[in-house]
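So the chains spell out like this:
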Amino acid sequence: MPISTKSFNAQSLAGFHKITGQIQEAQMRIASGKKILRSSDSPIAATNISAAKEQKVLLDRFSSNLDRAQYRLALTDQTLGQAVTIMTRIFELSIQAVNDTYSSADRQSIKVEISELKEGMVELANKKDLTGQSLFAGYKVNSNAFEIDENGVVQFVGDRGTHDVQVSESMRLQTGVDGATAFMRVESDYGHDSAFEIIEIVENQILSGSLEEGTLDDISKAIDHISRQQTLIGAQLSKADMQADALEQRKLLLNENISDLEDADIASIVTEMQSMITSRDAAQQAFVNIGRQSLFDFMR
């Protein structure tokens, strides 16, 4: 009968079980593409991977905040640019209106256009983003920033809240400007005027064929004031663009780090697995051959 002992069989079976487990482990690594399947495989590496992924979640949140900020800043920049265009057109019409060659009917037509331009300014000042939130209402994002009262006077009904978002561990980015700052704080010889009030003054004076001293200057100051607000928004946009580049670079390096920590070297694992399979098969064949030997085989 074959020569075998319980000890020999147990050791052999344990060895087969171990190498089979190693082969299965290699197969799982190949299938998943990960070098670490469970934290116990390498606690330090697993901790580093977890920390890196938490950092990636944080950077993704910063990027999401930055995307929203860039959108609102770009929309605000565009809106203020359109406001400058309207005020510039009102300035041109005001100069035309005081020309002696213009008749009363001509001035009436100019007044009508200026009134329409004022309405356009109010629409711009009440501009909303794609989510329906007002750009210039401060924290009152769900309501209009400006209203026209029964006397035709434009009034600011928002607040002075300024929105900002976190775009890095140490940086917050302003996402707009409140309507009072943008349209109601035009510096004049008498303090601060509203851009809308300046337009209303032009409306009232236009039919007389002459503008009071300083009216054209006030229009020019309104243009300069809104242009400065646009410049400030442009500076925030530039800051946002630079931060977006910095975040993308950080995410690229972080992704490379995560890949180095957890991605398996498939070619190396396949080679190692093939070697284990060869060793297992050889051991199994040897076990079978030894198990077939009898006492007479050892007495030869």
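Structural notes, computed from the coordinates. Every chain is numbered on its own, with residues counted from 1 as its sequence reads. Per-residue local features of the predicted model are confined to residues with pLDDT of at least 70, and side-chain atom pairs are confined, for both listing and counting, to 80 or more; whole-chain, interface and lining totals are unaffected and use all residues. Note that water and hydrogens are dropped before the side-chain values are worked out from all heavy atoms of the structure.

Topic: the environment of Lys111
Right, so step 1: Only DSSP runs of H or I with at least four residues qualify as helices, and only runs of E with at least two residues qualify as strands; both kinds are numbered from the N terminus onward. With respect to the helices and strands, the residue Lys111 is situated in helix 3 (residues 104-125).
Right, so step 2: Burial classification: accessible surface area is computed with a 1.4 Å probe over protein chains only, and a residue below 20% of its type maximum counts as buried, one above 50% as exposed, and the rest as partly exposed. Owing to a relative accessible area of 22%, Lys111 belongs among the partly exposed residues under this scheme.
Right, so step 3: Along the backbone, Lys111 and Ile206 are 95 residues apart, and their C-alpha atoms lie at a distance of 6.4 Å.
Right, so step 4: Ignoring sequence-local partners within four residues, the contact set of Lys111 consists of Glu203, Ile206 and Leu207. Should any heavy atoms of two residues lie within 4.5 Å, those residues are considered in contact.

Considering the packing of aromatic side chains
Right, so step 1: Paired rings are identified among Phe, Tyr and Trp, the last through its six-membered ring, by centres lying within 6.5 Å, and are further divided according to the angle between planes into stacked (under 30 degrees), edge-to-face (over 60) and tilted (the rest). Counted according to the given criterion, the structure contains 5 aromatic pairs.
Right, so step 2: With 5.3 Å between their ring centres and 80° between their planes, Phe136 and Phe183 make a pair best called edge-to-face. Highlighted residues: Phe136 in the loop between helix 3 and strand 1 (146-148) and Phe183 in helix 4 (residues 179-183), separated in sequence by 47 residues.
Right, so step 3: Taking relative accessible area as the criterion, Phe136 reaches 0% and is therefore assigned buried.
Right, so step 4: Its relative accessible area of 0% is what places Phe183 among the buried residues.
Right, so step 5: Measuring from ring centre to ring centre gives 5.8 Å for Phe146 and Phe183, while their planes differ by 85°; the resulting arrangement is edge-to-face. Within this pair, whereas Phe146 is found in strand 1, its partner Phe183 is found in helix 4, the two being separated by 37 residues in sequence.

Here we look at helix 5 (residues 195-206)
Note: α-helices contain 3.6 residues per turn, so residues at a spacing of three or four share the same orientation.
Right, so step 1: With 12 residues, helix 5 should cover 16 Å at 1.5 Å per step; its first-to-last C-alpha distance of 16 Å lies within 8% of that length.
Right, so step 2: The buried count for helix 5 comes to 9 of 12 residues, which makes it a mostly enclosed element.
Right, so step 3: The set of residues buried in helix 5 consists of Ala195, Phe196, Ile198, Ile199, Glu200, Val202, Glu203, Gln205 and Ile206.
Right, so step 4: What qualifies as a polar contact is a pair of N or O atoms within 3.5 Å, subject to a donor-acceptor requirement within protein and to the restriction that residues adjacent in sequence count only when both atoms come from side chains. Backbone nitrogen of Phe196 and a side-chain oxygen of the N-cap are separated by 3.0 Å at the start of helix 5; the cap is Ser194. The span you would expect from a helix comes to 1.5 Å times its residue count less one.

Remarks on the pattern of salt bridges
Right, so step 1: The term salt bridge refers to a pairing of a side-chain nitrogen on Lys or Arg with a carboxyl oxygen on Asp or Glu at a separation within 4 Å. Inspection of the entire model under this criterion finds 11 salt bridges.
Right, so step 2: Here Glu169 makes a salt bridge to Arg250, at a shortest N to O gap of 2.9 Å. Of this pair, Glu169 sits in the loop between strand 3 (164-166) and strand 4 (172-174) while Arg250 is found in helix 6 (residues 215-262), placing the two residues 81 residues apart along the sequence.
Right, so step 3: On the basis of relative accessible area, Arg250 is assigned to the partly exposed category, the value being 30%.
Right, so step 4: Put simply, Glu248 and Lys251 hold a salt bridge, and the shortest N to O gap is 3.3 Å. Residue Glu248 and its partner Lys251 are located together in helix 6, separated by 3 residues, close to a single helical turn.
Right, so step 5: Residue Glu248 is classed as partly exposed on the basis of its relative accessible area, which comes to 46%.
Right, so step 6: In this structure Lys251 comes out as buried when scored by relative accessible area, which is 15%.
Right, so step 7: Put simply, Lys56, Asp60, Glu248 and Lys251 are held in one network by salt bridges that share partners.

Notes on the nonpolar core
Right, so step 1: Buried Ala, Val, Leu, Ile, Met, Phe, Trp, Tyr and Cys residues form a nonpolar core when they are joined through side-chain atoms within 4.5 Å. Residues Met87, Met121 and Phe183 are the most contacted members of the largest nonpolar core, which totals 53 residues.
Right, so step 2: Within the residue set of this core, elements represented by two or more residues are helix 2 (43-97), helix 3, helix 4, helix 5 and helix 6.
Right, so step 3: At 15 residues, helix 2 tops the list of elements feeding residues into this core.
Right, so step 4: Setting aside its immediate chain neighbours within four residues, Met121 contacts Ala83, Ile86, Met87, Phe183, Ala195, Phe196, Ile199 and Ile226.

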